[in-house]
Amino acid sequence: PYLDAFSPGAVTRAGEYLYRGGMEKAAAIFARNATARARGLLPAYALGLKCAVSQKDKDWALECARKAIESSLDPLPFFYKRLVALKTEEKTIATDNEMVEALKNLRRAEPDNPQWAQLLGYARFLRGDWETVEAIDEMGAAIAQGVTNKMPFIIAAEALRSMNNIDRAARILKSALEYHPDDLTILNNLAYILSRDEKRLREAENLLPRLLKDGSNNPNIIDTAAVILTSSGRTIEAEEMAKKLLIITPEKSPLW
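Not measured: the values here are computed from a predicted model. (Residues numbered from 1 in each chain as written. Predicted model: local features only at pLDDT ≥ 70, side-chain atom pairs only at ≥ 80, totals over all residues. Heavy atoms only, no water.)

Draft legend 1. Expanded view of the packing of helix 10 (residues 166-179) against helix 11 (residues 184-195). Relative orientation of the contacting elements helix 10 and helix 11 amounts to 160°, with a least axis distance of 10 Å. Between helix 10 and helix 11, the angle falls in the class roughly antiparallel. In the packing of helix 10 onto helix 11, the handedness of the crossing is left-handed. Between helix 10, through Ile166, Ala169, Ala170, Leu173, Lys174, Ala176 and Leu177, and helix 11, the contact on the second element is made entirely by Ile186, Leu187, Asn189, Leu190, Ile193 and Leu194. Taken together, the residues of the contact of helix 10 with helix 11 sort by class into 11 nonpolar, one polar and one charged. (Axes fitted to C-alpha atoms, helices over the stretch in contact; angles between N-to-C directions. Helix = DSSP H or I, 4+ residues; strand = E, 2+ residues; numbered from the N terminus. Parallel < 35°, antiparallel > 145°, perpendicular 65-115°, else oblique. Left-handed = near helix turned anticlockwise from the far one by under 90°. Contact = heavy atoms within 4.5 Å. Nonpolar A, V, L, I, M, F, W, Y, C, P; charged D, E, K, R; others polar.)

This is how it looks when you write it as structure tokens:
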């Protein structure tokens with residue numbers, strides 16, 4: 001109540017002074033008061049965002065980031081970056097409209113930064129439907145910008161496979177192998193994609209010895225091997241793979 005006697009701008013300036021002086025808990029008290037009464041005062045939300053992050057208050061941080069974006073005619077990339085970071089946990093990212101819009105704005109603000117292309121492409125891929133095409137475009141842009149990590153190659157190839165574009169999906173995974181020549185995930189995905197095309201089934205079969213050499217107990221590889229062997233008419237070997245899969249995967253799981 002004492003702080004209510006002062007304008008949100010004055011409280012914000014005092015909070016900034018406290019924050020810069022290392023008194024983050026005290027600054028957070030001022031920031032909470034200022035953001036509650038800010039009514040579009042951008043510096044108040046910026047202070048609130050900094051204090052919320054330092055206090056590990058995710059809900060408050062998200063609220064401040066949203067309010068800062070709403071209050072700006074041309075929001076700074078900083079606020080979108082904070083929003084994306086807050087909505088990303090470990091290896092999982094949000095795929096709601098707010099996240100997509102934030103990533104689209106970051107793509108426009110920093111077109112040469114492939115990180116945003118990858119994240120936007122991944123979000124689009126997870127949303128599916130017509131956005132699968134957008135996912136391919138975004139991952140293709142990241143690859144064109146010279147990224148070498150696995151994600152854009154794998155996502156682009158899987159998106160293309162879902163659209164039955166086997167040739168292009170295979171080409172993308174083969175180019176990924178130039179950077180990750182012994183990566184089992186890439187090899188496994190390539191083998192599975194090739195097995196979806198009867199004309200390229202022999203090529204998929206030729207990858208099996210290499211896959212099974214290092215992935216003989218990997219459920220995903222055993223699954224791919226069973227699919228390839230079944231498609232090739234090698235049903236006895238396929239049955240052995242299927243039996244092994246039942247043993248090494250949790251009962252009633254999707255892969256089981």
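Picking up after the structure, the text goes on.
Draft legend 2. Inspection of the nonpolar core at higher detail. Counting residues in hydrophobic clusters, the biggest one holds 37 residues, and the most contacted among them are Leu49, Cys51, Trp60, Val84 and Leu103. Mapped onto this core, the elements with two or more residues apiece are helix 1 (8-20), helix 2 (24-36), helix 3 (42-54), helix 4 (58-70), helix 5 (77-86), helix 6 (97-109) and helix 7 (114-127). For this core, the element with the highest residue contribution is helix 4, accounting for seven residues. Ignoring anything within four residues of it in the chain, the contact list for Val84 reads Met99, Ala102, Leu103, Leu106, Trp116 and Leu119. Of all hydrophobic cores here, the second largest spans 36 residues; its members include Ile166, Ile193, Leu207 and Ala226. (Core = buried A, V, L, I, M, F, W, Y, C linked by side-chain atoms within 4.5 Å. Buried < 20%, exposed > 50% of the residue type's maximum accessible area, 1.4 Å probe, protein only.)

Draft legend 3. Local environment of the packing of helix 7 against helix 9 (residues 150-162). Here helix 7 crosses helix 9 at 30°, and the two axes come no closer than 10 Å. On the basis of their axis angle, the class for helix 7 and helix 9 is roughly parallel. Considering the relative orientation of helix 7 and helix 9, their crossing is left-handed. Residue-level inspection shows Gln118, Tyr122 and Phe125 of helix 7 in contact with helix 9, the latter providing Met151, Pro152, Ile155, Glu158 and Ala159. Considered class by class, the residues forming the contact of helix 7 with helix 9 number six nonpolar, one polar and one charged.

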